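A closer look at the structure
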Amino acid sequence: MDSVNSEPIDEENCERGSMWALDQKLDQPMEEEAGRLKNMYREKKFSSLLVLRLAFQSLGVVYGDLGTSPLYVFYNTFPDGIQDSEDVIGALSMIIYSLTLIPLLKYVFVVLRANDNGQGGTFALYSLLCRHANVNTIPNQHRTDQELTTYSRHIFHEKSFAAKTKRWLEAKVYRSNALLILVLVGTCMVIGDGILTPAISVLSAAGGIKVDHPKMSNGVVVVVAIVILVGLFSMQHYGTDRVGWLFAPIVLLWFLLIGGIGAFNIWKYDHTVLKAFSPVYVYRFLRRGGWSALGGIMLSITGTEALFADLSHFPVLVVQIAFTVIVFPCLLLAYSGQAAYLMKNKDHVYDAFYRSIPGTAVVIVMLVTTFLMILIMLLVWRCHWILVLIFTILSLLVECTYLSSVLLKVDQGGWVPLVIAAAFLIIMYVWHYGTLKRYEFEMHSRVSMAWILGLGPSLGLVQVPGIGLVYTELARGVPHIFSHFITNLPAIHSVVVFVCVKYLPVYTVPQDERFLVKRIGPKSFHMFRCVARYGYKDLHKKDDEFEKMLFDSLFLFVRLESMMEGCSDSDEYSLYGQQTERSADFLLTTNNNDNTFSSNLEPTTSSNDSIIPVKSPSRMRSSGQASSQTEVDEMEFLNSCRDAGVVHILGNTVVRARSDSKLVKKIAINYIYAFLRKICRENSVIFNVPHESLLNVGQVFYV
């Protein structure tokens, strides 16, 4: 049985007494509310002219690394010089089939189709898997998530191979953890490669100055490269659209020039290099000892991952057209022309390019994508296992061959991206581990709504005017910070809203579907739960509208509820018993001088803003009139409470390792995770909570 907090089954089978039944009535799940949301998402359609325009614009954003690879591939392939012309043909053949198998066939025609509603990258693949299998390590999934228009998924037949794969993946916890680590490794490798690749490309381009000025020192080249890099990165804040239009003509001209020069060199120097299109020369090259040169050849496909990672900026068709029409043929001509030139000028391999660090993380990212694509093809696309096997064999045959070669060059500079990636991997994993433990603490230390209401008479709670927004990561149950708050400060606001900020495995949540609102208990309680849902591409950016949108959703819910019910729901809750009613009324009914108890649960507001029990409107007027009047009364009450003041109650949770924990765990939790929490923005900053309206509730727990 699905649950928001993924509670264990034994918890549901226990406490079947009256208190358990009451809590289920008080805090209902949100399936009904989720079903009311409109379907707003529609697949965008593009005209032919717009597709061509975007294809042109994508040249300035996506293909920078692939386009500059010809600057340094042959130099890194033959760092000790060219001994035999046959080696040039073999290297060219390896480049041709590497570009054909990896960027063209694997990425452009297969991987790009595995996008998450237009979003690409490792996290997009992971989000698809999380929606089709229960592999999310933070157990906050619920059926209401599937009602989102961006939450696309397939239903498996129980006997299908996809269903068997799903059950195998979900059977053991370590498999979900292994999948998460694989995703983090791929992401960190992209970061490690992305830090170095622009520097390598620009440094190699700047090295061309030494062709006409051979006496120029390398230091001058480095300074020129730094100036260019600073200029390039300073332009990125203008956005993808402007950067694309600025660099698209330059990159297009670059591809046309290197393609045209390549065709000229083939005609002028040696057209026999075209025999490299025969795969026989790949076999001959490897047999002659070319395996050690694969590290340099692999540089010809650096930047391939950007085809998928940058997919969010452009539609799939746009990337496919730009690569197949412009990039791919121009690169083939450029490499073939260089090979033709080197056939006649073997000694010029040093003068053509500037030496660069071998870019090692690239092939690891490709391997991660391959493993994730295997699961995508099985679970999402439900491909036949033979097609999956063919894709796997072809991908691993090329990528594992390159990996075996580049591993030997780790000591020649390939260790740099690996160290960077390892540092980011530690940071990401520790952050995830600490977040998971904090969520588990919240889930296991939560208290039932019925228990909170039952504490009313013993605590002597005082009702204060205003609305209290209690932030929590739980979409059901009362968070520990709230019970901790009312235990130490026995007071409660006239209206209490439990706000759950939830992150889903989708790229975005449409704004009209962002908030789910549900009433907790009868109307006289004035308690609500609001789930604010975000995707991995949604940014908060000090959202000034968060509080306004929350209250708009709350008021809309009250109006819709009155229209759909058409009558009071006091009779529904009359079965809870006299003791529970008195506890609820003690919490939510006050007068100027004393607290009163009543079995009538329908409130109204008086001139002094106190809540006075009155007779049920359903007994005094028709159900339609009662519904309208009840809606007006509650709307007026909510507005008056909002005018009285809104208080944001946030938990300031400190996570510490137990004294008997291992040293590694103490370092990870007490230092690394604590440091990351300290430098990260708090929810009060994310949601732009005014300082005077903020109430932090501190607590410490040990893991």
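Residues numbered from 1 in each chain as written. Predicted model: local features only at pLDDT ≥ 70, side-chain atom pairs only at ≥ 80, totals over all residues. Heavy atoms only, no water.

Structural notes on the overall build of the chain
Note the threshold: Numbering of helices and strands runs from the N terminus; a helix is a DSSP stretch of H or I covering at least four residues, while a strand is a stretch of E covering at least two. In these tables, accessible area is a Shrake-Rupley quantity obtained with a 1.4 Å probe, and a residue counts as shielded only by the protein chains included in the view.
Counting its regular elements, the chain contains 29 helices and 8 strands. Of the roughly 32700 Å² of accessible surface on the chain, 60% is carried by carbon and sulfur atoms.

Topic: the packing of aromatic side chains
Within a pair of aromatic rings, the relevant descriptors are the distance that separates the centres and the angle that separates the planes. Put simply, the test is: To pair, rings of Phe, Tyr and Trp, with the six-membered ring standing in for Trp, must have centres within 6.5 Å; the planes then decide the type, stacked if under 30 degrees apart, edge-to-face if over 60, and tilted in the middle. Burial classes: relative accessible area under 20% of the type maximum marks a residue as buried, over 50% as exposed, and values in between as partly exposed (1.4 Å probe, protein chains only). Our definition puts a charge over a ring when NZ of Lys or CZ of Arg is within 6 Å of the ring centre and also within 35 degrees of the ring normal.
Applying the stated criterion across every chain yields a total of 12 aromatic pairs. Ring plane angle 85° and centroid distance 6.4 Å describe the contact between F528 and F557, whose orientation is recorded as edge-to-face. Pair noted here: F528 is in strand 4 (residues 527-534) and F557 is in helix 25 (residues 546-565), with a separation of 29 residues, a long-range link. F557 carries the same exposure label as F528, and that label is buried. Among the aromatic residues, those joined into a cluster by ring pairs are Y63, F323 and F328. Lying across the ring of W381, R113 places its NZ or CZ 4.6 Å from the centre. Geometry around Y281 places R284 over its ring, the cationic atom sitting 5.1 Å from the centre.

As for the packing of helix 8 (residues 122-132) against helix 19 (residues 361-380)
Applied cut-off: Axis definition: a line fit to C-alpha positions, over the contact stretch in the case of helices; interaxial angles, taken between N-to-C directions, run 0 to 180 degrees. By the definition used in this description, the sense in which the near helix is turned from the far one sets the handedness, with an anticlockwise turn below a right angle giving left-handed and a clockwise turn giving right-handed. In what follows, residue pairs with any heavy atoms lying within 4.5 Å of each other are defined as contacts.
Packing of helix 8 against helix 19 brings their axes to within 10 Å, and their N-to-C directions diverge by 35°. Like other packed secondary-structure pairs, helix 8 and helix 19 cross with a definite hand, here left-handed. The segment helix 8 lies against helix 19, with T122, L125, L128, L129 and H132 engaging T369, L372, M373, L375, I376, L379 and V380.

Digging into the pairing of strand 1 (residues 462-472)
The side chains of a regular strand alternate, first on one face of the sheet and then on the other. Inclusion rule: Pairs of strands are assigned from DSSP output, requiring at least two bridges between the strands. We call a crossover right-handed when, viewed with both strands directed away from the observer, the connection leading from the first strand over the helix to the second proceeds clockwise.
Most of strand 1 sits inside the fold, with 8 of its 11 residues counted as buried. With 9 bridges connecting them, strand 1 and strand 2 (residues 491-503) associate as parallel partners. Following the sheet pairing, T472 is matched in strand 2 by C500. Crossover strand 1 to strand 2 through helix 24 (residues 480-488) is right-handed.

Section: unusual backbone geometry
Of note in the backbone geometry, N117 takes a positive phi value of approximately 55° without being a glycine. As for its placement among the helices and strands, N117 is situated in the loop between helix 7 (85-108) and helix 8. Phi angles above zero are rare outside glycine, and R382 is one such case at about 55°. Inspection of the secondary structure assignment puts R382 in the loop between helix 19 and helix 20 (385-406). Classification of R382 by relative accessible area gives partly exposed; the value is 41%.

Here we look at the sheet that holds strand 7 (residues 646-656)
With respect to topology, 6 strands assemble into an open sheet ordered 3-4-2-1-7-8, the strand pairing being mixed. Strands with a single pairing partner mark the edges of an open sheet, and in this sheet they are strand 3 (515-520) and strand 8 (694-702). Strand-to-strand twist across the sheet, computed as the mean angle between neighbouring axes with direction ignored, equals 25°. The strands touched by helix 21 (residues 415-444) are strand 7 and strand 8; relative to strand 8, the strand with the most contacts, the crossing angle is about 100°.

Some details on the side chain of S336
Positionally, S336 belongs in helix 17 (residues 316-344). If we skip the residues at most four places from it in the chain, S336 touches L92, I266, V273 and F277.

A short note on the packing of helix 4 (residues 48-58) against helix 17
What describes two packed helices is the angle between their axes and the distance between those same axes. Applicable threshold: Ten residues, namely Ala, Val, Leu, Ile, Met, Phe, Trp, Tyr, Cys and Pro, are considered nonpolar, four, namely Asp, Glu, Lys and Arg, are considered charged, and the remaining ones, Gly among them, are considered polar.
Relative to each other, helix 4 and helix 17 sit at 65°, their axes nearing to 8 Å. The interaxial crossing formed by helix 4 with helix 17 has right-handed handedness. Residues V51, L54, A55 and S58 of helix 4 form the contact with helix 17, whose participating residues are L317, V318, I321 and A322. Residue classes in the contact of helix 4 with helix 17 are distributed as 7 nonpolar, 1 polar and no charged.

What about the pattern of salt bridges?
Definition in use: Take a side-chain nitrogen of Lys or Arg and a carboxyl oxygen of Asp or Glu: if they are within 4 Å of each other, that pair is a salt bridge.
The full count for this structure, using the stated rule, is 12 salt bridges. Salt-bridge contacts for R519 lead to E561; the nearest nitrogen and oxygen are separated by 2.5 Å. Here E561 lies in helix 25 and R519 lies in strand 3, a separation of 42 residues in the sequence. The two residues R519 and E561 agree in class, both being buried. Among the ionic pairs, D552 bridges to K548, the shortest N-O distance being 3.0 Å.

Brief notes about the environment of F264
Its location among the elements puts F264 in helix 13 (residues 240-268). Classification of F264 as partly exposed rests on a relative accessible area of 41%. For F264 and Y341, which are 77 residues apart along the polypeptide, the C-alpha to C-alpha distance reads 10.0 Å.

What about the environment of L182?
Turning to its location among the elements, L182 is positioned in helix 10 (residues 173-206). Owing to a relative accessible area of 23%, L182 belongs among the partly exposed residues under this scheme. Non-local contacts of L182, meaning those with residues more than four positions away in its chain, are made with V368, F371 and L372.

Things to note about the confidence of the model for the chain
Selection criterion: A score from 0 to 100, pLDDT tells how confident the predictor is in each residue.
Mean pLDDT over the chain works out to 75, with 75% of the residues at or above the 70 mark. Across residues 38-43, where pLDDT falls below 50, the model places 10 contacts with residues more than four positions away in sequence or in other chains.

Focus on helix 19
For the record, the criterion: An expected span of 1.5 Å times one less than the residue number is assigned to each helix.
If you check helix 19, its first and last C-alpha atoms are 27 Å apart, about what 20 residues at 1.5 Å a residue would give, namely 28 Å. Count one or two residues on from helix 19 and you reach R382, which has phi positive near 55°.

Focus: the nonpolar core
The condition that has to hold: Definition used in this section: a nonpolar core is a set of buried Ala, Val, Leu, Ile, Met, Phe, Trp, Tyr and Cys residues joined via side-chain atoms within 4.5 Å.
With 110 residues, the main nonpolar core has Y63, F255, L307, F323, M373 and Y402 as its most contacted residues. Other than its neighbours up to four places away in sequence, Y63 contacts S58, F255, L307, V319, A322, F323 and V327. Judged by nonpolar contacts, the second largest core, of 28 residues, contains L469, F551, C641 and L650.

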